[in-house]
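# Architecture at a glance
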Amino acid sequence: MVPLNAYLILAAIIFAIGLIGFMTRRSIIMMLLCIELMLNAVNITLISLSHYMQDFMGQVIALLIIANAGAGMATGLALLINAYRLKKTVKIDLFRNLRG
Amino acid sequence: MILNIIILIIEVAVVLGVLLLHVAYAVYFERKILGHIQARLGPTEVGPLGLFQPFADLVKLFFKEDNIPFGADKFLFTAAPVIVVTCVMTSFSVLPFAAGWVLANINVGLLFILAMSSLGVYGIIIAGWSSNSKYAFLGALRSSAQIISYEIPMGIALLAVLIMTGSLNLSDIVYAQDKLPWGMFIFPQIIGFFVFLVCALAETNRTPFDLPEAETELVAGYLTEYSGFRWGLFFLAEYSAMYVMSSMLTICFLGGWTLPPFLTNLLPILNLVPGIIWFLLKVYAIMFFYIWVRGTVPRYRFDQLLKIGWKLLLPLSLTNLFIIMIIKKVFMP
Amino acid sequence: MSIPILFFSYFALASIVLSLIVVTRKNYIHAVLWTLLLFIHISGIYLFLNAEFFAMIQMIVYAGAILVMLIFVIMLLNVRHEDHLSDLSSLSIPKVFFVFCVFGILALALQASYLNTIGKFSIDVVNTFSDAKLLGQVFYSEANLPLIIMGVVLFVPMIAAIVLAGKRSDE
């Protein structure tokens, strides 16, 4: 039997990799991908806890997260299309003027 | 343990072998039927009645030159046909061909088929992108838009089946139909059957919807740069996908390997015929319909294709879902 | 080593390596395809946790819809990787330290979150009824509010995406 800690540490590692990617990669596409990575790490945590605590609420929240990920990705990509039309680039550094 | 694995491998090999034979002869049947539709004979030269034609085609494909275009992404270019074939072939592992004749009787068989058909899109997208060619690229873009659009009505049509059965296991779906007096799900959900039939045509890139490989405008779509055996793999995947979709229609709407109970009560002798025969008969009836459609219906324009998907099939499938919900609530509590 | 541990260690190692590969790719299409492989491995991990319905949803929604959408946009915009402003150049020590802190907090806090309470859905119950059926029962009884919220969460960005992306560029 695989211990619960193994799943949780795996999820934490994937989350950390996604976070470091999100902070260092400078293109919007890669940042969206890294967000998906982090959301997947959260899903692993929720589902492993749901299995070990024998409660289905974890899976319910994980499904909610998947819906959220889809929603976020759709909105993010719509914004990306508009941003690309304006600046002809996907690099986040060139959108500095959004700071106001 | 080891013995189980060996038995499983033999089963997989048998299913794959029989399947490949069927796919080879599906091509032969298609050419024959199309020939007769167009008032000619089709293949007649190789063997009696041209029966060895598929093998001749195979040998020809093997010895063709294998060409990788300049500037192509080599790894993805070679991986794309393998992805397509793997995704289609994996679908067969959960299809029940007769009572108990299934490689993996899993609880989520229906979702597995949907997952595999949505993974198959990647092969097409990668093929188009890695070819480094305008036509292939346009074909891949069209294909991904088409397959994503048509997956939604297909899923909703299958939801109605799930409401009637209450299980995602494909064998359970067939058993649930056997309990009905008329033995098929097509009767209350004829709209769902129609939606699934049209979506199956679109998902497998068959003729009224074969926009991704429209010869008149895109040379051959995502297949443009492929040649020889790699092209053969795409061809194999397309015909195998036709079998998967026909099997899904048979299992979900036409009662799988069972016959309607009123028929077997009328003629009890039909019970002696093994179930696989009925399954194959139903599958080949749908395959014939596919080929018939190819012989008669012209190709749609791309905007018409998307309009049909979103403005006709999606509302129809939702209507079907609504009707089935009411039927389930009122007549089958 | 028993077979479950062997399989789990393969899937865990593979997903860690794959996520490292994903965040370091330069070519966007390659990054998305490696992500696809990563998601398939993660759905393999879900299969170990008796969540077969969730494994399939992971494949259909993440691999079949979200990533296809992303790849579709990349191909539609025809974004090539841009070599100037090279990636990973902004990797600095404070950032690495911050990520390590987050990792440590997560790893420790998650261990503490395990309450050792046993709910009513034991492995036997999940095996007799199926995972999907039980999830549906939970969804339509205790967890109906999350279901409604999910509907709203999916409905609002649908309108947002149509309004934002469907805008015709007049110039």
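Source: prediction; values computed, not measured. (Residues numbered from 1 in each chain as written. Chains lettered and ligands numbered in written order. Predicted model: local features only at pLDDT ≥ 70, side-chain atom pairs only at ≥ 80, totals over all residues. Heavy atoms only, no water.)

## A few points about the interface of chain C and chain B
Keep this limit in mind: In this description, contact between two residues means that some pair of their heavy atoms is separated by no more than 4.5 Å. Two parts placed together each lose some accessible area under a 1.4 Å probe, and the buried area is that loss summed for both. A pair is scored as a salt bridge if a Lys or Arg side-chain nitrogen falls within 4 Å of a carboxyl oxygen belonging to Asp or Glu. Counted as a polar contact is a pair of N or O atoms within 3.5 Å, where, for protein atoms, one must be capable of donating a hydrogen and the other of accepting one, and residues adjacent in sequence contribute only when both atoms are in side chains.
The interface of chain C with chain B comprises 24 residues on the first partner and 24 residues on the second. Of the roughly 2100 Å² buried between chain C and chain B on both sides combined, carbon and sulfur atoms contribute 81%. Between the two partners, chain C and chain B, sit zero salt bridges. At the boundary of chain C and chain B, one finds three residue pairs in polar contact (both at pLDDT 80 or more).

## A short note on the confidence of the model for chain B
All names here are of chain B. We count it as follows: Each residue gets a pLDDT score, which is the predictor's confidence in that residue and runs from 0 to 100. A run of H or I in DSSP counts as a helix once it spans at least four residues, and a run of E counts as a strand once it spans at least two, with each numbered from the N terminus.
Of all residues in chain B, 97% attain a pLDDT of 70 or more, and the chain-wide mean is 83. Taken element by element, chain B is modelled with least confidence in helix α8 (residues 215-218), mean pLDDT 65, and with most confidence in helix α7 (residues 190-203), mean pLDDT 88. Across the assembled chains, the prediction reports ipTM 0.87 with pTM 0.87.

## Some remarks on the state of the cysteines
Threshold: Put simply, a disulfide is two cysteine sulfurs that come within 2.5 Å.
Inspection of every chain in the model, using the stated rule, returns zero disulfides over all chains. Distance from the sulfur of C199(B), which forms no disulfide, to the nearest cysteine sulfur (C252(B)) is 13 Å.

## Here we look at unusual backbone geometry
To be explicit about the condition: Residue exposure (1.4 Å probe, protein chains only): buried if accessible area is under 20% of the type maximum, exposed if over 50%, otherwise partly exposed.
Of note, the phi angle at A39(B) is positive, near 60 degrees, even though the residue is not glycine. Looking at the secondary structure, you find A39(B) in the loop between α1 (2-37) and α2 (53-62). For A39(B), a relative accessible area of 73% translates into the label exposed. Here N50(C), not a glycine, exhibits a phi torsion of approximately 60 degrees, which is positive.

## Notes on the pattern of salt bridges
Residue and element names in this part refer to chain B. By the definition in use, this model includes two salt bridges over all chains. Measuring nitrogen to oxygen at the nearest pair gives 2.7 Å for the salt bridge that ties R294 to E30. A residue pair is termed long-range when its members are at least 10 positions apart, and R294 in helix α11 (residues 275-296) and E30 in helix α1 qualify at 264 residues. Its relative accessible area of 34% is what places R294 among the partly exposed residues. Residue class for E30 comes out buried when judged on its relative accessible area of 2%.

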